[in-house]
Amino acid sequence: MYGFMLFSHLTGLILWVGSIMTIVIMLVLLKAQLGTADANRLTGSIIRVFNRFAHPSAFVVLISGVVMIVQLDLGSSKPFWLDMMEKAGGTIILLFLIIAGIMGAKLKKKLTQHPNDAIALSRYLTMVIGFFIAILAVVFIVSLKL
């Protein structure tokens with residue numbers, strides 16, 4: 001069971017980080033064409049597809065991580081890297097699910113009302129890049145097992 005949870009955890013992490021990298025690249029390239037009907041429709045579609053991949057994969061990372069930590073049964077004597085992964089990783093995932101969902105919906109709505117709103121797109125990109133950096137920080141600490 002632990003092996004399957006580890007596989008699910010790593011697969012979810014790969015999909016989550018990959019979808020974040022993909023949306024950042026695509027939205028940065030589309031930013032120049034913002035304001036045209038096609039670009040705005042495509043931006044909305046990209047965010048919708050991103051949410052279909054990123055949210056479930058982040059949820060899989062959260063659930064599989066919780067199950068693996070419970071299976072380890074270490075009690076309160078956890079090493080720092082495991083404590084970091086549990087607390088910071090879980091917080092990042094929950095914040096990502098909430099904030100990315102809300103900001104994505106707001107961005108799609110703003111682009112239908114104000115087609116040239118590059119500021120809203122920049123805020124969304126900044127949020128996604130911030131989560132990307134936070135995820136990489138947790139992965140870095142866990143991989144070094146500090």
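Description of the structure in this document. None of these values were measured; they are calculated from a predicted model.

Quick look at the overall build of the chain
Inference 1: Helix and strand counts for the chain come out as four helices and zero strands.
Inference 2: Shown N-terminal to C-terminal, the secondary structure of the chain runs as helices and strands in the order α-α-α-α.
Inference 3: C-alpha atoms of the chain, sized along the principal axes, occupy 55 × 25 × 20 Å.
Inference 4: When the 146 residues of the chain are sorted by exposure, 38% land in the buried category.

Description of the pattern of salt bridges
Inference 1: Evaluation of the coordinates by the stated rule reveals three salt bridges.
Inference 2: In this structure, the salt-bridge partner of Asp38 is Arg41, at a minimum N-O distance of 2.5 Å. On the criterion of helical spacing, the pair formed by Asp38 and Arg41 is a turn pair, its members being three residues apart in helix H2 (residues 37-72).
Inference 3: Judged by relative accessible area, Asp38 falls into the exposed class, the value being 55%.
Inference 4: The class of Arg41 is exposed, set by a relative accessible area of 51%.

Some remarks on the packing of helix H1 (residues 2-30) against helix H3 (residues 80-113)
Inference 1: Across the interface, H1 lies against H3 with an axial gap of 14 Å and an inter-helix angle of 45 degrees. Classified by the interaxial angle, the pair formed by H1 and H3 is oblique. In this structure, H1 meets H3 at a crossing whose hand is left-handed. The segment H1 lies against H3, with His9, Trp16 and Ile20 engaging Met85, Ile92, Ile93 and Phe96.
Inference 2: In terms of residue class, the contact of H1 with H3 is built from six nonpolar, one polar and no charged.

Topic: the packing of aromatic side chains
Inference 1: One pass over the structure, following the stated rule, counts three aromatic pairs.
Inference 2: The interplanar angle of 65 degrees and the centroid separation of 5.2 Å between the aromatic rings of Trp16 and Phe96 together place this pair among those described as edge-to-face. In this pair, Trp16 sits in helix H1 while Phe96 sits in helix H3, placing the two residues 80 residues apart along the sequence.
Inference 3: Members of the aromatic cluster, joined through ring pairs, are Trp16, Phe50, Phe96 and Phe131.
Inference 4: Sitting over the face of the ring of Trp81, Lys145 holds its NZ or CZ atom 5.0 Å from the ring centroid.

Details of a nonpolar patch on the surface
Inference 1: A grouping of Tyr2, Leu6, Leu10, Leu72 and Leu74 is seen on the molecular surface, where their side chains present a nonpolar patch of about 390 Å² in accessible area.
Inference 2: The element that contributes the greatest number of residues to the nonpolar patch is H1, accounting for three residues.
Inference 3: Checked against the element boundaries, Leu10 lands in helix H1.

Here is what the cut-offs are and how they apply
Residues numbered from 1 in each chain as written. Predicted model: local features only at pLDDT ≥ 70, side-chain atom pairs only at ≥ 80, totals over all residues. Heavy atoms only, no water. Helix = DSSP H or I, 4+ residues; strand = E, 2+ residues; numbered from the N terminus. Buried < 20%, exposed > 50% of the residue type's maximum accessible area, 1.4 Å probe, protein only. Salt bridge = Lys/Arg side-chain N within 4 Å of Asp/Glu carboxyl O. Axes fitted to C-alpha atoms, helices over the stretch in contact; angles between N-to-C directions. Parallel < 35°, antiparallel > 145°, perpendicular 65-115°, else oblique. Left-handed = near helix turned anticlockwise from the far one by under 90°. Contact = heavy atoms within 4.5 Å. Nonpolar A, V, L, I, M, F, W, Y, C, P; charged D, E, K, R; others polar. Phe/Tyr/Trp six-rings, centres within 6.5 Å; stacked < 30°, edge-to-face > 60°. Lys NZ or Arg CZ within 6 Å of the ring centre and 35° of its normal. Patch = residues over 30% accessible without salt bridge, like charges linked within 9 Å, V, L, I, M, F, W, Y side chains within 5 Å. Areas by Shrake-Rupley, 256 points an atom, 1.4 Å probe, with all protein chains shown as cover.

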